[in-house]
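Single-letter residue listing:
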Amino acid sequence: MTHPATVATRGGHVPAFSTPPSAPAVYMTTAFDLPGLAGFEEILAGREPGYFYTRVANPNHEAFVHDVAALEGFEHGVACASGMGALSAAVLSLVKTGDHILCARAIYGSTHQFLLQLQSSFQVNVTFVDTSDMEAVRKAIRPSTKLAIVESVSNPLLEVCDLPALKETLGSKITLIVDNTFATPCGLRPKDHGADIVWHSASKYLNGHGDVMLGIIVGEDEAMRKARASMLLYGLNANPMECWLATRGLRTLPLRMARVTQTANELAQWLAEHPRVRRIFYPGLIKHPTHGLANSLLKGSYGGMISIEVDGGAAAVDTIFQRLAPAIPFSPTLADARTTVSYPAGTSHKFMSQKDREASGITEGIFRLSVGLEEFADLKKEIEQALGE
Ligand SMILES: *Cc1c(COP(=O)(O)O)cnc(C)c1O
């Protein structure tokens with residue numbers, strides 16, 4: 001009789017069966033049992049379908065990449081442990097010491113910090129530029145410029161990037177990476193406007209339920225091959241469970257985006273007239289600086305983010321947050337199914353110098369509302385009560 005130690009150790013048997021599961025399985029496994037030395041070579045060479053080590057590839061990574069690539073109009077992609085992991089995989093596979101990167105001035109705080117770190121540690125040159133000013137972009141381009149990084153819809157002022165004009169200014173030699181986290185492919189597909197690599201923090205809308213940390217880049221075969229090499233060597237790989245959850249989240253992405261756009265648009269129209277609101281940023285409002293681009297590029301899919309400026313700076317924002325909680329919590333993320341609020345100057349853009357923050361227009365009185373799936377009338381009532389004198 002086999003000893004219980006051996007029986008227990010070798011458990012986890014999966015029976016063979018011919019009825020495929022209606023929902024995908026989760027492959028929580030470090031490695032895959034191989035058919036032999038020759039068979040392993042076939043898998044390594046890509047001649048036989050198969051996997052061998054989850055840091056390199058896993059069916060759940062592939063399922064998630066497949067779906068996001070299809071939504072974004074590409075065929076290839078790399079899933080990573082977070083949005084920042086995906087940016088690292090892309091950038092570290094494309095630049096070397098002495099190269100130059102152009103980055104939008106209005107950019108996610110960690111993207112800004114990542115590039116500064118590349119500059120100080122690896123002598124990669126970085127210029128932050130107002131990417132709505134094509135003359136400024138043209139002037140910033142150098143012979144060594146390899147890469148440009150922008151957000152299709154910027155955080156937190158929600159400015160829509162004029163991607164066609166930017167691509168024309170950059171030309172075909174500079175790789176254009178577009179962070180499409182806010183817009184999602186339901187808003188716009190950056191590939192249709194010249195993006196070479198589309199980047200997402202899948203921790204946000206793609207998953208959409210506030211319970212995953214995941215990132216992805218999608219693009220052409222060769223760029224993704226290089227990025228995959230960086231991903232697996234630097235250990236930026238995603239977790240199969242997170243990919244599984246986000247794959248499930250993706251199924252309702254179009255429904256969620258339509259819903260949050262409708263609710264956010266109604267809230268923004270109402271808030272624009274509210275006496276406590278000094279300035280409001282929502283691409284669906286006629287007075288928003290990029291409303292025209294929001295109509296031509298986003299085709300009215302303005303999304304669920306609204307930024308609001310009130311008088312009184314951080315103290316006033318804090319009072320509003322105290323009144324909104326716990327129904328609408330202060331949570332330093334976005335795109336949860338629930339409505340949340342965040343404070344850019346103190347969270348996503350905290351690590352920017354005061355000067356850089358002000359140059360980006362992110363003042364101390366601005367907070368951002370990530371509109372969720374609740375009923376408009378309930379949200380309006382809660383926000384109205386929190387804004388009250
Ligand atoms: C959150 C976010 C990121 C970073 O993604 P993580 O998943 O947190 O690493 C990048 N860009 C934007 C616009 C984001 O909102």
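Structural notes, computed from the coordinates. Because the structure is a prediction, the values reported are computed rather than measured.

Overview of the overall build of the protein
When you go through the protein residue by residue, the secondary structure sums to 15 helices and 11 strands. Against the 2.2 N^0.38 benchmark of 21 Å for 389 residues, the protein shows a C-alpha radius of gyration of 23 Å, consistent with a compact globule. With the principal axes as the frame, the protein shows a C-alpha extent of 80 × 55 × 35 Å. A buried classification covers 50% of the 389 residues belonging to the protein. Taking as baseline every contact in the protein between residues at least 6 positions apart, the subset at least 24 positions apart corresponds to 72%. Working note: accessible area of the protein is about 18,200 Å², and carbon and sulfur atoms make up 55% of it. Side chains of the protein give 34 positive and 39 negative charges; the mean places of these two sets differ by 3 Å.

With respect to the pairing of strand S5 (residues 175–179)
Within S5, 5 of the 5 residues are buried, which leaves it mostly tucked inside the rest of the structure. Covered by surrounding structure in S5 are Thr 175, Ile 177 and Asp 179 together with Leu 176 and Val 178, the residues of both alternating faces. Handedness of the strand S4 (residues 145–151)-helix H7 (residues 163–170)-S5 crossover: right-handed.

So, the site of the ligand
Around the ligand sit 14 residues, and of these Met 84, Asp 179, Ser 201, Ser 203 and Lys 204 come closest. Here Gly 83 contributes a backbone N or O atom positioned 2.8 Å from an oxygen atom of the ligand. Within the backbone of Met 84, an N or O atom sits 2.8 Å from an oxygen atom of the ligand. Burial of the ligand by the protein amounts to 94% of the accessible area it has alone, namely 380 Å². Where the shell around the ligand is concerned, the elements lending two or more residues are helix H4 (83–92) and strand S6 (197–201). Residue classes in the shell around the ligand are distributed as 7 nonpolar, 5 polar and 2 charged.

Scoring rules and cut-offs
- Residues numbered from 1 in each chain as written.
- Predicted model: local features only at pLDDT ≥ 70, side-chain atom pairs only at ≥ 80, totals over all residues.
- Heavy atoms only, no water.
- Helix = DSSP H or I, 4+ residues; strand = E, 2+ residues; numbered from the N terminus.
- Rg over C-alpha atoms; globule rule 2.2 N^0.38 Å.
- Buried < 20%, exposed > 50% of the residue type's maximum accessible area, 1.4 Å probe, protein only.
- Contact = heavy atoms within 4.5 Å.
- Areas by Shrake-Rupley, 256 points an atom, 1.4 Å probe, with all protein chains shown as cover.
- Lys, Arg positive; Asp, Glu negative; His and termini not counted.
- Charge placed at Lys NZ, Arg CZ, Asp CG, Glu CD.
- Right-handed = clockwise from strand over helix to strand, strands pointing away.
- Near = heavy atom within 4 Å.
- Polar contact = N/O pair within 3.5 Å; in protein donor to acceptor, adjacent residues only side chain to side chain.
- Nonpolar A, V, L, I, M, F, W, Y, C, P; charged D, E, K, R; others polar.

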